[in-house]
Amino acid sequence: MAVIRWEEPPEGPVVVLLDQTRLPTEEVELVCTDAPALVEAIRSLAVRGAPLLGIAGAYGIALAAARGFDVDEAAAALASARPTAVNLSVGVRRAASAYRAALAKGGDTGAAAAAALVAARALHQQDAEASVRMAGHGLALLDELLPGGGHRILTHCNTGSLVSGGEGTAFAVALQAHRAGRLRRLWVDETRPLLQGARLTAYEAARSGMAYTLLTDNAAGSLFAAGEVDAVLIGADRIAADGSVANKVGSYPLAVLARYHHVPFIVVAPVTTVDPETPDGAAIEVEQRPGFEVTEVTAPQAPVTGAGGGIPVAPLGTQAYNPAFDVTPPDLVTAIVTEEGVVSPVTAEALAELCARSRQVTIS
Ligand code: MRU
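Only a predicted model underlies this, so the values are computations on that prediction, with no experimental measurement involved.

A. Expanded view of the overall build of the protein chain. A count of helical and extended segments in the protein chain gives 11 helices and 16 strands. Taken over C-alpha atoms, the radius of gyration comes to 20 Å for the protein chain, in line with the 21 Å a tight globule of 364 residues would show. Residues counted as buried form 53% of the 364 residues belonging to the protein chain. Of all intrachain contacts in the protein chain linking residues separated by at least 6 positions in sequence, the fraction that spans at least 24 positions is 73%. Seen as two clouds, the 26 positive and the 39 negative side-chain charges of the protein chain have centres 3 Å apart.

B. Inspection of the nonpolar core at higher detail. Within the largest apolar cluster, 43 residues are counted, with the highest numbers of intra-cluster contacts made by Ile-4, Val-15, Leu-17, Tyr-59, Ile-61 and Leu-78. Of all elements in the fold, only strand S1 (4-7), strand S2 (14-18), helix H1 (35-43), helix H2 (50-66), helix H3 (71-79), helix H4 (86-104) and helix H5 (109-145) reach the threshold of two or more residues within this core. Not counting the four nearest positions on each side in its chain, Leu-17 is found in contact with Val-3, Ile-4, Val-28, Glu-29, Leu-30, Cys-32, Leu-38, Ala-41 and Val-47.

C. A look at the sheet that holds strand S9 (residues 245-248). Reading across from one edge, S11-S8-S9-S14 is the order of the four strands in this open sheet, with mixed pairing throughout. Two strands lie at the open edges of the sheet, namely strand S11 (274-275) and strand S14 (325-328), each paired on one side alone. Of the strand pairs in this sheet, strand S8 (residues 238-240) and S9 are connected by two bridges, and their pairing is antiparallel. Within S9, the position partnered with Arg-238 by the bridge is Ala-246. Against the sheet, helix H9 (residues 251-260) makes contact with S9 and S14, and its axis sits at roughly 35° relative to S14, the strand it touches most.

D. Structural detail: unusual backbone geometry. The step from Arg-192 to Pro-193 runs through a cis peptide bond, and the omega angle for that step is 0°. Of note, Pro-193 is situated in the loop between strand S5 (183-189) and helix H7 (196-208). Of the consecutive residues Ser-344 and Pro-345, the connecting peptide bond is found in the cis state with omega at 0°. Its identity as a non-glycine residue notwithstanding, Leu-195 has a phi of 60°, on the positive side. Along the polypeptide, Leu-195 turns up in the loop between S5 and H7.

E. Expanded view of the site of the ligand. Residues in contact with the ligand amount to 18 residues; listed here are only the nearest, Arg-48, Ala-50, Arg-82, Asn-247 and Lys-248. Take Arg-48: an N or O atom from its side chain is 2.5 Å from an oxygen atom of the ligand. Between Lys-248 and the ligand, the recorded distance is 2.7 Å, taken from a side-chain N or O atom to an oxygen atom. Surface burial for the ligand is 100%, taken as the share of its 410 Å² of free accessible area covered by protein chains. Among the detected pockets, the ligand sits in the largest cavity. Of all elements in the fold, only H2 and S9 reach the threshold of two or more residues within the shell around the ligand. Lining the shell around the ligand are residues from two domains, each supplying at least three of them: domain 1 (4-127) and domain 2 (130-363).

F. The arrangement of the sheet that holds strand S3 (residues 29-32) in detail. Pairing is antiparallel across the open sheet formed by three strands, whose spatial order is S1-S2-S3. Of all the strands in the sheet, just S1 and S3 have a single pairing partner and so form its edges. Mean inter-strand twist for the sheet, computed between neighbouring axes without regard to direction, equals 25°. Sheet topology places S2 next to S3; four bridges connect them, and they run antiparallel. The residue of S3 that forms the bridge with Leu-17 is Leu-30. H2 contacts S1, S2 and S3 of the sheet and is inclined by roughly 15° relative to S1.

G. Looking closely at the pattern of salt bridges. Under the criterion given, the structure shown has 15 salt bridges. Where Arg-82 meets Glu-287, a salt bridge forms, and the shortest distance between an N and an O atom there is 2.8 Å. Here Glu-287 lies in the loop between S11 and helix H10 (292-295) and Arg-82 lies in the loop between H3 and H4, a separation of 205 residues in the sequence. Across the pair, exposure class does not vary: Arg-82 and Glu-287 are buried alike. Linking Glu-340 and Arg-133 is a salt bridge whose minimum nitrogen-to-oxygen distance equals 3.7 Å. Within this pair, whereas Glu-340 is found in the loop between strand S15 (335-338) and strand S16 (341-343), its partner Arg-133 is found in helix H5, the two being separated by 207 residues in sequence. The exposure class assigned to Arg-133 is partly exposed, which follows from its relative accessible area of 40%. Residues joined by salt bridges that share partners form a network here, namely Arg-82, Glu-287, Arg-289 and Glu-293.

H. Spatial organisation of the packing of H4 against H5. Running from N to C, H4 and H5 point in directions that differ by 150°, and their axes come no closer than 8 Å. For the element pair H4 and H5, the recorded crossing hand is right-handed. For the pair H4 and H5, the contacting residues are Gly-91, Arg-94, Ala-95, Ala-98, Tyr-99, Ala-102 and Leu-103 in the first and Thr-109, Ala-111, Ala-112, Ala-113, Ala-115, Ala-116, Ala-119, Leu-123 and Gln-126 in the second. For the contact of H4 with H5, the class distribution of residues is 12 nonpolar, three polar and one charged.

I. Structural context of the domain arrangement of the protein chain. Domain parsing of the protein chain yields domain 1 (4-127) and domain 2 (130-363). For the domain 1 face of the interface with domain 2, the top three residues by lost area are Arg-48, Thr-84 and Asp-127, together amounting to 25%. Linking domain 1 to domain 2 there are two salt bridges. Split by residue class, the side of domain 1 that touches domain 2 holds 12 nonpolar, seven polar and six charged.

What counts, and at which threshold
- Residues numbered from 1 in each chain as written.
- Predicted model: local features only at pLDDT ≥ 70, side-chain atom pairs only at ≥ 80, totals over all residues.
- Heavy atoms only, no water.
- Helix = DSSP H or I, 4+ residues; strand = E, 2+ residues; numbered from the N terminus.
- Rg over C-alpha atoms; globule rule 2.2 N^0.38 Å.
- Buried < 20%, exposed > 50% of the residue type's maximum accessible area, 1.4 Å probe, protein only.
- Contact = heavy atoms within 4.5 Å.
- Lys, Arg positive; Asp, Glu negative; His and termini not counted.
- Charge placed at Lys NZ, Arg CZ, Asp CG, Glu CD.
- Core = buried A, V, L, I, M, F, W, Y, C linked by side-chain atoms within 4.5 Å.
- Pairing = 2+ DSSP bridges.
- Axes fitted to C-alpha atoms, helices over the stretch in contact; angles between N-to-C directions.
- Near = heavy atom within 4 Å.
- Polar contact = N/O pair within 3.5 Å; in protein donor to acceptor, adjacent residues only side chain to side chain.
- Areas by Shrake-Rupley, 256 points an atom, 1.4 Å probe, with all protein chains shown as cover.
- 1 Å grid on protein atoms, 1.4 Å probe; cavity = no way out; pocket = protein on both sides within 12 Å on 5 of 7 lines; lining within 4 Å.
- Sits in = over half its atoms within 2 Å of the grid points.
- Domains from an automatic or database assignment.
- Salt bridge = Lys/Arg side-chain N within 4 Å of Asp/Glu carboxyl O.
- Left-handed = near helix turned anticlockwise from the far one by under 90°.
- Nonpolar A, V, L, I, M, F, W, Y, C, P; charged D, E, K, R; others polar.
- Buried area = accessible area lost by both parts, 1.4 Å probe.

Put into structure tokens, the structure is as follows:
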């Protein structure tokens, strides 16, 4: 089942998503017939993960255009559906620019809608290709840092084919190591509160046949202390110009642990995740999610009792602090792996050079 696809049934075009809120127990598709439905799917995390959000945003513009809705309105709603992953606004901007450029050239709205779809499909394809290249660069880096193979990798959140047009970012590197016979084990953080690690990464790892073990986020420290982690591999939602990395909450504590235990902390992300317009970590907007995600556990089959529709695990009325992401400063990041190559050490100059190189590749 595809994570995202464009379809054109007789009733009109639709964007079909694999509803990630239902995994791993059910593989159910969600059909979006307009941009507001896609906005809701993004907010509810039915579709999620930075690269996939970019692709979804681009298809959202193509959908609004093809169905004759106001593209500027759709662009504003889609781009602001979630604030942290810069890929979302990149995807929206690319498809909306293609739409506007076609109109400016004298095309009608049909031709402009077709141009937006071409841009969305190109981004989808570009992300698939980026996955392959990130996996290659990432495994080469692991082999260089950890000669001898038998890598034991710790990962956080979900970074595989569920977030990408291809096999993903950090997970794609682990997969490449597994296929090359050089992955001893993938340690999978459960990733509270929404359990992207337990529900989604364990699902992807099980399907790949790799050796993996699930742990609570709080167990990571004792795993490092026992010498069981050779490297940490994570994705990113936004990388600021100075190399600060926003990723799923819980990534920063792993970076601190990795530094203390002299373990490489590696970020894998496509160049579209690097945001030269965000100067540093303090300028990254971190999404705050509703407290009920922490005070309740949602299980679709269970009796509904809490305000958020889940089973309370804290006294009613408890306030919760629930940032969806945290920011790791660049000096705790050993390397950033992109499709254009590896940045290490992570400096503003090296990232600026990478972005300039990538722009040249895109233009030529
Ligand atoms: O809130 P989510 O599930 O969208 O968060 C996703 C992550 O934090 C991923 O680690 C990140 O997008 C990188 S995916 C390549």
